[in-house]
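Each chain is listed here by its residues.
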Amino acid sequence: MATFSIHICTFSFKLQFFIFLFLTAKPTSSFAHQALDNNPSFDPHISLFGDAKVEDGGSYVQLTRHHAPSSGLLLLDKPFKFTEERNVGRPMSFSTEFSFSMSPGNGDGLAFVLIPNGFQTRFQGQGSFGLVGENMFLGIEFDTKKDYKVGDLNANHVGIDVGSLESVKVSNLSSRNLVLNNGEVLKSWIDYDSSSKLLQVRLSKLDDKRPFNPILAYHVDLLEIWGNEDVFVGIISTTNEESSQSSSNVYSWRFRVGDVSSWMHSLPADPRGYVDKDSQEFRAERKKFCALTILAGLIFATVCGSLFVFVMLFMWAILVSRHTVFPVECQAGPEDFRYEMVNVIVEKDNQDDKD
């Protein structure tokens, strides 16, 4: 009887324990296709994970709650591959645009990510953007927290992360009169051209036009990283225990795969023509270009000056020659002379006569 009572108590304890885990566990996935399908600003077949939820009848998605810790993932269900099925040697390009806002606070921020298959099943929002422990991802972080562990520039920057949270390229938004976490809705465009292996990031306020120049550009071969693996795309936001009250919202998101130049009319005609003005190569080329420009200017000025002097001398010679009077030369020749006889009469004085 005692043994039976012990088994009953053990079973009751296990049952209560599993019930507790079920009630307190964070849901790993919440599908909201129907709500977002009514919003043309979002692509269809989007799944929500973690704390992400649809608000205001599907007008936007709230990724994180106001109370930390919190994490949310907005994920496209359909993956893609950088290798085109019909032409394996031709890698795929992609383009995406989305609008978002972040309330004041020191949360981790928001990130657009390319992640491998299976990430959504193990997503728990641990660490910055839930990417701690991952070594195969591409992230464009809109960071509102200065993390000294990864060498963050400040608490208001955009960075490109390739397999690590330590950004390979960073843009300081404070110098561009943009603030990520003041509650204002911003819009970002991210484009990857596989032919030039160039990744470009643009950011502006919601009502502004798409900027011509990107705030970040980085050359990376994504085909070499992913190969023939499936690639999922998503938008992540996280806050931790040390974060103050802050939340992240996404108001629109569109993603396209294919020929970059044919997706969006506002894209530059030749993305490969972009030059990173912050690079040492560009500064060296600019100095070289300035020196060549000055030399070419001096040569051009010298040629023009010489041509001007030549024309003036030529015109002066013409004008002077037209007003010069030359003496007439008389030719010497034989002349006929006439000789005449002259009679000379000499008269003597009267005195001489007297003598």
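In what follows, the accompanying structure is described. (Residues numbered from 1 in each chain as written. Predicted model: local features only at pLDDT ≥ 70, side-chain atom pairs only at ≥ 80, totals over all residues. Heavy atoms only, no water.)

## With respect to the packing of aromatic side chains
Aromatic rings considered in pairs are described by the distance between their centres and by the relative angle of their planes.
Okay, step 1: Evaluated as defined, the whole model comprises 15 aromatic pairs.
Okay, step 2: Judged by centre distance (5.1 Å) and plane angle (70 degrees), the ring pair of F80 and F82 falls under edge-to-face.
Okay, step 3: Taken together, a centroid distance of 5.8 Å and an interplanar angle of 25 degrees make the contact between F94 and Y192 stacked. Of this pair, F94 sits in strand β6 (residues 93-102) while Y192 sits in strand β11 (residues 186-193), and the two are 98 residues apart along the sequence. Each of the two residues, F94 as well as Y192, counts as buried.
Okay, step 4: Among the aromatic side chains, those forming a connected cluster through ring pairs are F80, F82, F94, F98, F100, F112, F142, Y192 and F255. (Phe/Tyr/Trp six-rings, centres within 6.5 Å; stacked < 30°, edge-to-face > 60°. Helix = DSSP H or I, 4+ residues; strand = E, 2+ residues; numbered from the N terminus. Buried < 20%, exposed > 50% of the residue type's maximum accessible area, 1.4 Å probe, protein only.)

## A word on the environment of L199
Okay, step 1: Residue position: L199 is located in strand β12 (residues 198-205).
Okay, step 2: Considering only alpha carbons, one finds L199 and P214, 15 residues apart in sequence, at a separation of 9.7 Å.
Okay, step 3: Residues within four places of L199 in sequence aside, it is in contact with F94, L138, I140, I160, I190, D191, Y192, L216, A217, Y218 and V220. (Contact = heavy atoms within 4.5 Å.)

## Digging into the sheet that holds β12
Okay, step 1: Strands sit in the order β3-β4-β15-β6-β11-β12-β13 across an open sheet of seven strands; the sheet is antiparallel. Single-partner strands in this sheet number two, and they are β3 (53-55) and β13 (216-219). Across the sheet, the axes of successive neighbouring strands diverge by a mean angle of 25 degrees, strand direction being ignored.
Okay, step 2: In terms of strand pairing, β6 meets strand β15 (residues 248-258) through ten bridges, oriented antiparallel. Looking at the pairing, M102 lines up with S248 of β15. (Pairing = 2+ DSSP bridges. Axes fitted to C-alpha atoms, helices over the stretch in contact; angles between N-to-C directions.)

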